[in-house]
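# Report on the structure
The lines below spell out each chain.
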Amino acid sequence: APSDPGLVERARAAKEKLGDKVFVLGHHYQRDEVIEFADVTGDSFKLARDAAARPDAEYIVFCGVHFMAESADILTGDDQQVILPDLAAGCSMADMATAEQVAECWDVLTEAGIAEQVVPVSYMNSSADIKAFTGKHGGTICTSSNAKRALDWAFEQGEKVLFLPDQHLGRNTAVRDMGMSLDDCVVYNPHKPNGGLTADELRAAKMILWRGHCSVHGRFSLDSVNDVRERIPGVNVLVHPECKHEVVAAADYVGSTEYIIKALEAAPRGSKWAIGTELNLVRRLANRFAAEDKEIVFLDKTVCFCSTMNRIDLPHLVWALESLASGKVVNRIQVDKETESFAKLALERMLALP
Ligand code: 13P
Ligand code: SF4
């Protein structure tokens, strides 16, 4: 539906009043009505870098989900305030690894006698607590655009990796990009005693994958890939690495949201694409590239929006901007100092990856 013109006007006015004091970041999965007001858009890696690159902005309004706003707070100065327009914009994957569960897992690895060989690598899609755990234990953060480089780095530091919390990104990167086999990977289930693994299984594994997943990307199936290939002969299948391994293995191209956009920009006229990632982005790309005669379809019509990304809508953005413009700070995301210092260590290791 088109945005309410009154709200568009109000967002414009509040943004203008704030001027350089505010910097609005928008993740590619945000609604069009929100993207319209973003000073910069990007994947999680680019947004983390962009947030840190604006030390003069007093307010960083993060149109994305909670873990992204936390990361922005960690990477920005103490005098900068990060605002998440709706505090209910979380991420179900990030919630799948809690600090207690991860501490317990470390005890299990210690018990099995392998903790010293293990380097934690945590996906950006995790809470600040998990990032702090990662920093404390000598590990790094990664995103879907640098997961291979993060794993290369980690295997220079140790013999095994504990990959948190997205088992799919971990497995896909290990098998597809690093030449490991599925047998090199085990899945640690935080809801089972000892993660559901024996000490021998842990000792034999190279990749210990946390049992987490994205509820949106997890719904694309091998059937959806086969169906679209049948329906659209010559179609290129392009999916996000949060998809299941069998989906990624059957796809033609795999990459982060930023990669997906670049691939479509470079695609020849007349080419056909089926995209396996969040629907707001796929729709925007389909509209944008229709004029260039590129046919872009959603990989599986039964998959829906990321409901938490979608919580940030124009009314929430207007409310946040107008509050700031009237001198009232709302929905500030602030990571405590102790957590921040260790989490920052892990994030800076990522930013320093070659
Ligand atoms: P990227 O934008 O880094 O590809 O991440 C996708 C995602 O799921 C963010 O929540
Ligand atoms: Fe989390 Fe998946 Fe939504 Fe990304 S798309 S914010 S990983 S639930």
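Reading the values: rules and limits
- Residues numbered from 1 in each chain as written.
- Chains lettered and ligands numbered in written order.
- Predicted model: local features only at pLDDT ≥ 70, side-chain atom pairs only at ≥ 80, totals over all residues.
- Domains from an automatic or database assignment.
- Contact = placed C-beta atoms within 7 Å.
- Nonpolar A, V, L, I, M, F, W, Y, C, P; charged D, E, K, R; others polar.
- UniProt positions renumbered as here; feature names shortened; annotations may be inferred.
- Helix = DSSP H or I, 4+ residues; strand = E, 2+ residues; numbered from the N terminus.
- Buried ≥ 20, exposed ≤ 12 C-beta atoms within 10 Å, placed from the backbone.

## Quick look at the domain arrangement of the chain
- According to the domain assignment, the chain consists of domain 1 (5-91 + 309-336), domain 2 (94-214) and domain 3 (217-298).
- Using C-alpha coordinates to define each centre, domain 1 is positioned 28 Å away from domain 3.
- With nine residues of domain 1 at the interface, the matching set in domain 3 holds seven residues.
- Its residues placed into classes, the side of domain 1 that touches domain 3 shows two nonpolar, three polar and four charged.

## Thoughts on the UniProt feature "binding site: [4Fe-4S] cluster" (unreviewed entry) in the chain
- Per the UniProt annotation, the sites labelled "binding site: [4Fe-4S] cluster" (unreviewed entry) are C91, C214 and C306. Taken together, the annotated residues stretch across 216 residues yet fold into one region, lying no more than 9.4 Å apart by C-alpha.
- Position of C91 relative to the elements: it lies in the loop between strand 4 (81-83) and helix 5 (99-111).
- Owing to 23 C-beta atoms within 10 Å, C91 belongs among the buried residues under this scheme.
- Setting aside its immediate chain neighbours within four residues, C91 contacts V65, H66, F67, N125 and T308.
- Turning to its location among the elements, C214 is positioned in the loop between strand 9 (207-210) and helix 10 (222-231).
- The class of C214 is buried, set by 25 C-beta atoms lying within 10 Å.
- Setting aside anything within four residues of it in sequence, one finds C214 in contact with M93, D166 and E242.

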